[in-house]
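For reference, the chains in residue letters:
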Amino acid sequence: MAAQRRYTILDVFANRPLAGNPLAVVLDADGLDDKEMQAIAREFNLSETVFVLPPAEARHRAAVRIFTPGRELPFAGHPTVGTAVLLALLDPAAVKAKGASAEAFGLEEKIGIVPCVAEPKGERHGRARFRLPRLPQSWGEGVSVEKAARALGLQPSEIGFGQHVPSRMSAGVRFDMVPVATLDAIGRARPGAAFEEAFGDSDHPAVYVYTAETVEAGSRFHARMFAPGLGVAEDPATGSAAASFAGALMQFEKPGEGTHDFVIEQGYEMGRPSLIDLQLVVEKGALVSAEIGGDAVIVAEGTLYA
């Protein structure tokens, strides 16, 4: 017999409804097996669905599993931010009891323990950040300018800017990073017939296209993310890609000692404007830690029978 399970839909990396990246969070997920979780993720048909389970260790807040419509992920950014905000909103007394405006806790994900800090901003709105459980690393040489241009329907002259060239980075999920010269070019980028040929040597090609030209004056980069092999034609905001992008920033921007804050805008071409905060801490020329942060707002709640 099907059980009744609460679920919440949040818009993540946005401070208002109907912007950012939608996320489904299924509470009371005990008893669901892998196939059932995957089927529920296909039913919601959002870029990711989270299933909240009791933690393996009592000192952590929850265990979470993250599914796209096509497969499970070991880690993802907007599900981590959205789930952290939701858990804080569901138990505001835990925040107040500690005499602080924010609550710190760990989420158990497939990649490992993800340290989070979540702060309620209202009854249905909050903000969260998390420290990357794994710093970004290169997983191979970036594709050629010609291949990248052909795969995305652009001209080779539109690929790259400054010191940036195509690269491959992963902070738990693999991404091809493709810099483009202008906002106009990134707006015209589309996965074409040559997409698989260019990026198909990854199990599930995911391509993060970015430019230094931005829509918002306060943003540093503008980005899009395509992952048709994951069942995500385009993602409005991709925290795991922003985490991997930290590797590209270290390689091509070479930030100096100290703390560096970047705002990445995404989702504008989809009518889902999103703002992702990325913070890097550099010591002796090396990236020693990084954080992803942003807002999330509850837009719907209901009961799932599964």
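Every value quoted in this text rests on a predicted model; they were computed, and no experiment measured them.

### Some remarks on the nonpolar core
Formed by 66 residues in total, the largest nonpolar core has its most connected members in Tyr-208, Tyr-210, Phe-245, Leu-278, Leu-280 and Ile-292. Here the element with the most residues in this core is helix 7 (residues 239-252); it accounts for 9 residues. Looking at which domains feed residues into this core, each of domain 1 (5-131 + 295-304) and domain 2 (137-294) gives three or more. Contact partners of Leu-280, with chain neighbours within four places excluded, come to Ala-246, Leu-249, Met-250, Pro-255, Gly-258, Thr-259, His-260, Phe-262, Leu-287, Ser-289 and Ala-290. Counting residues in each nonpolar core, the second largest holds 18 residues, with Ala-149, Val-178, Val-180 and Val-209 among its members.

### Focus: helix 4 (residues 145-152)
Of all the residues in helix 4, the buried ones are Ala-148, Ala-149, Ala-151 and Leu-152. The arc enclosing the buried residues of helix 4, seen along the axis, measures out at 165 degrees, which places them on a common side. As for helix 4, its buried residues are in contact with strand 11 (174-179), helix 5 (183-188), helix 6 (195-199), strand 12 (207-211) and strand 13 (221-227). In the segment just after helix 4, Gly-153 is the residue with positive phi, at about 70 degrees.

### Overview of unusual backbone geometry
The phi dihedral of Phe-13 is positive, around 65 degrees, even though this residue is not glycine. Topologically, Phe-13 is positioned in the loop between strand 1 (4-12) and strand 2 (21-26). Its identity is not glycine, yet Leu-18 carries a phi of approximately 65 degrees, on the positive side. Relative to the helices and strands, Leu-18 resides in the loop between strand 1 and strand 2.

### Notes on the layout of surface pockets
By volume, the largest pocket amounts to about 260 Å³. Along its surface, the largest pocket is lined by 17 residues, and Arg-127, Arg-129, Asp-277, Glu-291 and Gly-293 are the ones closest to its centre. Listed by contribution, the elements that provide at least two residues to the lining of the largest pocket are strand 7 (112-120), strand 8 (125-131), strand 15 (258-266), strand 16 (274-283) and strand 17 (286-305). The biggest single contributor to the lining of the largest pocket is strand 17, with 4 residues. Residues lining the lining of the largest pocket come from more than one domain, with at least three contributed by each of domain 1 (5-131 + 295-304) and domain 2 (137-294). A volume near 180 Å³ is recorded for the second largest pocket. Taken together, 13 residues line the second largest pocket, and the ones lying closest to its centre are Phe-13, Ala-14, Asn-15, Ser-274 and Leu-275. Secondary-structure elements contributing two or more residues to the lining of the second largest pocket are strand 16 and strand 17. With 3 residues, the single largest contributor to the lining of the second largest pocket is strand 16.

### Some points on the UniProt feature "active site" (unreviewed entry) in the protein
In this structure's numbering, the residues bearing the UniProt feature "active site" (unreviewed entry) are Glu-48. Secondary-structure assignment places Glu-48 in the loop between helix 1 (34-44) and strand 3 (49-53). Discounting residues that sit within four places of it in the chain, Glu-48 has contacts with Leu-23, Ala-24, Ile-66, Phe-67, Thr-68, Leu-73, Ala-76, His-78 and Pro-79. Side chain to side chain, Glu-48 and Ser-47 meet in a polar contact 3.4 Å long.

### Considerations on the domain arrangement of the protein
Taken domain by domain, the protein comprises domain 1 (5-131 + 295-304) and domain 2 (137-294). Each of domain 1 and domain 2 has a C-alpha centre, and the two are 24 Å apart. If you look at the interface, domain 1 gives 29 residues, while domain 2 gives 26 residues. For the domain 1 and domain 2 pair, buried surface summed over both sides reaches about 2000 Å², with 56% attributable to carbon and sulfur atoms. Among the residues of domain 1 in contact with domain 2, Phe-13, Arg-71 and Phe-75 are the three that bury the most area, contributing 29% of the side total. Taken together, the connections running from domain 1 to domain 2 amount to 3 salt bridges. The partner of Arg-129 in a salt bridge is Glu-291, and the shortest N-O contact between them spans 3.2 Å. For the side of domain 1 that touches domain 2, the secondary structure elements donating two or more residues are strand 2, helix 2 (77-90), strand 8 and strand 17. For the side of domain 1 that touches domain 2, the leading source of residues is strand 8, giving 6 residues.

What counts, and where the lines are drawn
Residues numbered from 1 in each chain as written. Predicted model: local features only at pLDDT ≥ 70, side-chain atom pairs only at ≥ 80, totals over all residues. Heavy atoms only, no water. Core = buried A, V, L, I, M, F, W, Y, C linked by side-chain atoms within 4.5 Å. Buried < 20%, exposed > 50% of the residue type's maximum accessible area, 1.4 Å probe, protein only. Helix = DSSP H or I, 4+ residues; strand = E, 2+ residues; numbered from the N terminus. Domains from an automatic or database assignment. Contact = heavy atoms within 4.5 Å. Arc of directions from axis to C-beta. 1 Å grid on protein atoms, 1.4 Å probe; cavity = no way out; pocket = protein on both sides within 12 Å on 5 of 7 lines; lining within 4 Å. Points joined across faces, edges and corners; volume = space filled by probe spheres on them. UniProt positions renumbered as here; feature names shortened; annotations may be inferred. Polar contact = N/O pair within 3.5 Å; in protein donor to acceptor, adjacent residues only side chain to side chain. Buried area = accessible area lost by both parts, 1.4 Å probe. Salt bridge = Lys/Arg side-chain N within 4 Å of Asp/Glu carboxyl O.

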